[in-house]
Amino acid sequence: MPNRDQDNQPERRPGNHTVEKLGGTSILQTDAVLSNVLLGRRKGAELYNRIVVVSAYSGITDALLEHKKTGESGVYALYADSDSDWAWGDSLSAARGKMLEINEEIFGTSPARRLADSFVKERVDGVRDCLIDLQRLCASGHFQLRDHLMTVREMLASLGEAHSAHNTALLLRENGVQARFVDLTGWRREDELPGFDEAIDEAFETVDVSRELPIVTGYCRCAESLVRSYDRGYTEVTMSRIAVRTGAREAVIHKEFHLSSADPKLVGQEKVRAIRETSYDVADQLSNIGMEAIHPSAAKGLRQNGIPLRVKNTFEPDDPGAVIRDDHPKTDPGVEIVAGRKNVYAFEFYEPDMVGVKGYDAAILNSLKRHKIYIVAKSSNANTITHFLAASPKLLRRVERDLAAEFPTARLSTRAVSLVTAIGRDLKVPGLALRALASLEKAGIEPIGFNDMMRKVDLQVIVDQSDHDAAIQALHEGLVEAQAGGEEKAAA
């Protein structure tokens, strides 16, 4: 089935409900989530008019696919390795054991425990049977395993969200809530895969959010293949699309921290400023450096449909959090957030004969795209193009080989650096760049590069990796804390 153009499909009328997303770390802390998010002080009708989308419990997707940070092989990685033999089966058994341990921790000896365990065993054993059958099929030589690996990855990923959503619905029913498990994973579905929007519309066709609390899997099986498109960012994309298709008044993401002017661990809890409102533009800049408030594709759908996003701290339910939208009234210009990306590589392409000749930039971009390398920033002059990349050294060496073969007279170099950026809805502040450089000089930091964008939503500084933390501290002190001090004096 061809992909549908989601943006051209008719949306439902606006409702009075919210669509909320719980992350894996939050959902694992059951008591806190019940007390602070799902139940709190709500009673009766106050419990409803919400749709809750859940991620897999923390650590489960790592076990099913591969560890997000270390790359340690999970079930998928072992299964994809033809030499792993039965190692994937042992890994799947271990993941199943982790799921059952979570069930025991949440339900203890209550009757719901048997339902939760039965659900896990049925799903995991079903996946195991499918993988064994696929292995046997591919052993004949007429079928190639690599042709089916994306389907395998999707099937394994769906286990985690199905587990946490089913458990959460059970838990809420135990607490007297009319909770409904909404399974978007397409388990055992034999007919043609629906489009993303169609799958959501089908699932919510009979749901009455005013009388029941839907607990929804963050993974949706559909023709568009969410894992292929968004890898492990699909939960927020699902949350966003549900908000759009059901006409939510607001989307909410519950995180383990506040959206602040900087990382409190770096600059000090007493120095950071809580963000109360900002724009999707600012959220996009954060995503670009890996500090996601929301996945950029999820933000796109909300922004296009005028749905605000609220980012709340799971453990401080009375705090209103930060509202992200693009229709805030005009605010005073200034820096809102200072953040950075530590592991970035400056990939420099120097060719003396480049001046006035087209094609170099396109060739570099084609190679980066072919090797699926993420571009964080870019700069160029008459004969040099520098890309700041988030990638492994192994992939960068492949790009170097590609370009060295195509442009034998070019000089290629790679250097590990950090990118630190000051972000705000409006950075049209006289002398802001000079203040940034003065702050760095005061801290004894020599910038390697400096980009002051014409759109005035971010100001980028390239520094040595060892200066990452100090650069954030210096810029926060000079551009955020100093600004706050000036505002307080003006108010007095």
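Shown above is the structure to which this text applies.
In this text the structure is predicted, and so the values were computed from the model without any measurement. Here the residue numbers are simple positions, counted from 1 along each chain's written sequence. Reporting of local features is limited, given that this is a predicted model, to residues whose pLDDT is at least 70; pairs of side-chain atoms are given and counted only at 80 or more, and all residues count toward the totals for whole chains, interfaces and linings. To get the side-chain values, take all heavy atoms of the structure and skip hydrogens and water.

(A) Expanded view of empty space enclosed by the protein. Two kinds of site are reported from a 1 Å grid over the protein atoms alone, namely cavities, where a 1.4 Å probe fits but cannot get out, and pockets, open sets with protein on both sides within 12 Å along at least five of seven lines, and residues are called lining when an atom falls within 4 Å of a point. Grid points are joined across faces, edges and corners, and a volume is the space filled by probe spheres set on the points. Evaluated as defined, the whole model comprises two cavities of 30 Å³ or more. The computed volume of the largest cavity comes to approximately 70 Å³. Ile27, Thr30, Val33, Leu34, Leu38, Tyr57, Ile106, Phe107, Asn167, Thr168 and Leu171 are the residues that line the largest cavity. Only α2 (30-38), α5 (87-107) and α7 (149-174) provide two or more residues apiece to the lining of the largest cavity. The element contributing the most residues to the lining of the largest cavity is α2, with four residues. Looking at the lining of the largest cavity residue by residue, the classes come out as eight nonpolar, three polar and no charged. Estimates place the volume of the second largest cavity at around 30 Å³. The wall of the second largest cavity is formed by His258, Leu259, Ile275, Arg276, Val311, Asp319, Gly321 and Ala322. A helix here means a DSSP run of H or I that spans at least four residues, while a strand means a run of E at least two residues long, and both kinds are numbered starting from the N terminus. Three categories are distinguished: nonpolar for Ala, Val, Leu, Ile, Met, Phe, Trp, Tyr, Cys and Pro, charged for Asp, Glu, Lys and Arg, and polar for the others, with Gly belonging to the last.

(B) Fine view of the packing of aromatic side chains. Stacked, tilted and edge-to-face pairs are distinguished by plane angle, under 30 degrees for stacked and over 60 for edge-to-face with tilted covering the rest, among Phe, Tyr and Trp rings (Trp via its six-membered ring) whose centres lie within 6.5 Å. Per the counting criterion, the structure on display carries seven aromatic pairs. With a centroid separation of 5.1 Å and an interplanar angle of 85°, the aromatic rings of Tyr79 and Trp88 are classed as edge-to-face. Here the term buried applies to any residue with accessible area under 20% of the maximum for its type, exposed to any over 50%, and partly exposed to those in between, with areas from a 1.4 Å probe on protein chains only. Looking at Trp88, the relative accessible area reads 0%, which means it is buried. The interplanar angle of 85° and the centroid separation of 5.7 Å between the aromatic rings of Phe119 and Phe181 together place this pair among those described as edge-to-face. Of this pair, Phe119 sits in helix α6 (residues 111-139) while Phe181 sits in strand β3 (residues 179-182); the two residues are 62 residues apart in sequence, bridging distant segments of the chain. Overall, Phe119 belongs to the buried group, its relative accessible area being 13%. Linked through ring pairs, Tyr79, Trp86 and Trp88 together constitute an aromatic cluster. Over the face of the ring belonging to Tyr76 we find Arg153, whose NZ or CZ atom lies 4.9 Å from the ring centre. In this scheme, the term charge over a ring applies when either NZ of a lysine or CZ of an arginine sits within 6 Å of the ring centre and within 35 degrees of the ring normal.

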